[in-house]
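Reading the structure
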Amino acid sequence: MTDLIDIKEIQFPKGCPKFQFYRHPEYYELTCSIFTKCNLNCEFCSQEHAEDLDEEYLMSIPELAYEATKDDFAKYASTLKKIEVRFWGGELYSDNIPFSYFIKYQNFVEHFRYVFNSYYPNLEIEFITTTNGVLLKRDRLAVFLRNVGIQRVSVSFDYLGRYRTEQQKQMALDTMKYLADEGFEVNVGIILTKRSINYILEHQEEFKELFTKYSVATINFNFYVPNEGWEVDMPSDDDMFEMYKFCIDNRLFGIKTVYYLFETWLTKEFMSKECECKFLPNIFKGGTSKNCIQCFSNLGNKLFYSEFSDELTEENVSDVKASLGMYKRGCHGCENFNFCPMPCWSSIIFEHYKVGECPLKRAYSYITDEHMNDYKQWRENNNVFK
């Protein structure tokens, strides 16, 4: 297990719990918002979808990213192996987007790769792009991906709250299949809202078709960050456990959260994961921030960080969030603390989130020898996360 990062130098707000949590990273993730214009209007999205492509901003992103990461990269150079650059809209690839934009995207990726290879020649860089899949001109996307050497594509997909029509949902599913058939690794990201969980549990075979019919390689469960409408969309601890239980019983090891559960339970070792707030600056027009709540919720910091909101900085926000989350969740008394993959703290620290019995702890207890034997066989023969 890698050592915990020393937090003595971090200035916590007065009275805030102070817990060590983060370990020296193997992965560093950058997320880049290119523009917010979109062909959908998802109910749980905080974007206004008014912003179009600004080429000057687009080509400035690599240097913005360097400035946002250079101190961390120097600090964690001994363990850091890989940089993942994720970029999205809005929707970058919808049918009404001019073909000239694809040329600009290509210039952006090539420039980003050149800049970061110049600064960090020994680090692996992988680019991953995100689409909602609601498009018919899929060949343009495939050509762009090949031209810039992108292998992994993330498709944001949700059963409820995303599409206006069934036709739009089917277009997204068909895009997944098309990209998989073209040889790309398709990752589907699903936000675990209460409505989505209920839908999946009531339509289990339809959900499993993402793997069996549409050739998805992996599924990522994205934790819900409370926004307007949280009263309907925020899942409870029981909802989350029922989702994990369904995935465990159906041996859905290609879901990253399920993989983390089984792998850490098997090895009893902490795993360096993607999407750790401390190593994940969000780059957008107007600035950069590690405060994902500021980037993905329109409710404001106060409902999450309470009286500590005014003392948040880029240096302390991730550690404050993790400490508040662990304090509220009661993690430090848990026998699984040293290897648990942990939830997204953005939902846990929300003022109206009611903490019950931890769904991850319940999931660990639910795993049987039969489950684990099946996982070991999958791990040996089909592990898509190797």
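You'll find the structure just up there.
Quantities reported herein were computed from a predicted structural model and do not represent experimental measurements.

Cut-off values and rules
Residues numbered from 1 in each chain as written. Predicted model: local features only at pLDDT ≥ 70, side-chain atom pairs only at ≥ 80, totals over all residues. Heavy atoms only, no water. Phe/Tyr/Trp six-rings, centres within 6.5 Å; stacked < 30°, edge-to-face > 60°. Buried < 20%, exposed > 50% of the residue type's maximum accessible area, 1.4 Å probe, protein only. Lys NZ or Arg CZ within 6 Å of the ring centre and 35° of its normal. Axes fitted to C-alpha atoms, helices over the stretch in contact; angles between N-to-C directions. Helix = DSSP H or I, 4+ residues; strand = E, 2+ residues; numbered from the N terminus. Parallel < 35°, antiparallel > 145°, perpendicular 65-115°, else oblique. Left-handed = near helix turned anticlockwise from the far one by under 90°. Contact = heavy atoms within 4.5 Å. Nonpolar A, V, L, I, M, F, W, Y, C, P; charged D, E, K, R; others polar. Right-handed = clockwise from strand over helix to strand, strands pointing away. Pairing = 2+ DSSP bridges. Core = buried A, V, L, I, M, F, W, Y, C linked by side-chain atoms within 4.5 Å. Salt bridge = Lys/Arg side-chain N within 4 Å of Asp/Glu carboxyl O. Expected span 1.5 Å × (residues − 1).

1. Here we look at the packing of aromatic side chains
Within the structure shown, the criterion is met by 46 aromatic pairs. Between F157 and Y159 the ring centres are 4.9 Å apart and the planes differ by 80 degrees, which places this aromatic pair in the edge-to-face class. The two residues F157 and Y159 agree in class, both being buried. It is K268 that lies over the ring of W265; its NZ or CZ is 4.0 Å from the centre.

2. A few points about the packing of helix α1 (residues 55–75) against helix α2 (residues 99–119)
Taken N-terminus to C-terminus, the directions of α1 and α2 make an angle of 25 degrees; their axes are 10 Å apart at the nearest point. Judged by the inter-axis angle, α1 sits roughly parallel to α2. As α1 runs across α2, the sense of the crossing is right-handed. Facing E55, L58, M59, I61, P62, E63, A65, Y66, T69 and F73 of α1, the residues of α2 in contact are K104, N107, F108, H111, F112, V115, F116 and Y119. Within the contact of α1 with α2, the residues separate by chemical class into 12 nonpolar, three polar and three charged.

3. Looking at the side chain of N187
Residue placement: N187 occurs in strand β5 (residues 185–192). Its relative accessible area of 9% is what places N187 among the buried residues. What N187 contacts, discounting residues up to four positions off in sequence, is V153, S154, V155, T218, I219 and N220.

4. Observations concerning the pairing of strand β4 (residues 152–156)
Most of β4 is tucked away, with five of its five residues classed as buried. The alternating pattern of β4 places R152, S154 and S156 on one face and V153 and V155 on the opposite face, and all of these are buried. As for the winding sense of the linkage, the β-α-β connection from strand β3 (residues 124–131) through helix α3 (residues 138–148) to β4 is right-handed. Pairing between β4 and β5: five bridges, direction parallel. Note on β5: the bridge partner recorded for V155 is V188. Once you follow β4 into helix α4 (residues 166–181) and on to β5, the crossover reads as right-handed.

5. Considering unusual backbone geometry
The linkage connecting G89 with the following residue, G90, adopts the cis geometry, with an omega of 20 degrees. Along the chain, G90 turns up in the loop between β2 (82–88) and α2.

6. So, the nonpolar core
Generally speaking, nonpolar side chains in soluble globular proteins are found buried as a group. With 127 residues, the main nonpolar core has I34, F87, F112, F116, F144, F207 and L210 as its most contacted residues. The element that contributes the greatest number of residues to this core is α2, accounting for eight residues. Setting aside its immediate chain neighbours within four residues, F87 contacts C32, I34, L92, Y93, F108, V109, F127, I128, T129, T130, F144 and I150.

7. Some details on the pattern of salt bridges
Here the structure, examined in full by the defined rule, presents 28 salt bridges. With a closest N to O distance of 3.0 Å, E67 and K70 form a salt bridge. Of this pair, E67 and K70 both sit in helix α1, three residues apart, which is roughly one turn of the helix. What makes K70 partly exposed here is its relative accessible area of 31%. The residue R362 makes a salt bridge to D238 at a minimum N-O spacing of 2.8 Å. Of the two residues, R362 sits in helix α14 (residues 359–366) while D238 sits in helix α8 (residues 237–249), which places them 124 residues apart along the sequence.

8. Remarks on α8
When the terminal C-alpha atoms of α8 are compared, their 18 Å separation across 13 residues agrees well with the 18 Å that a helix rising 1.5 Å per residue should span. D237, D239, M240, F241, M243, Y244, F246, C247 and I248 are the residues of α8 that are buried. Backbone geometry just after α8 places R251 at a positive phi near 55 degrees.

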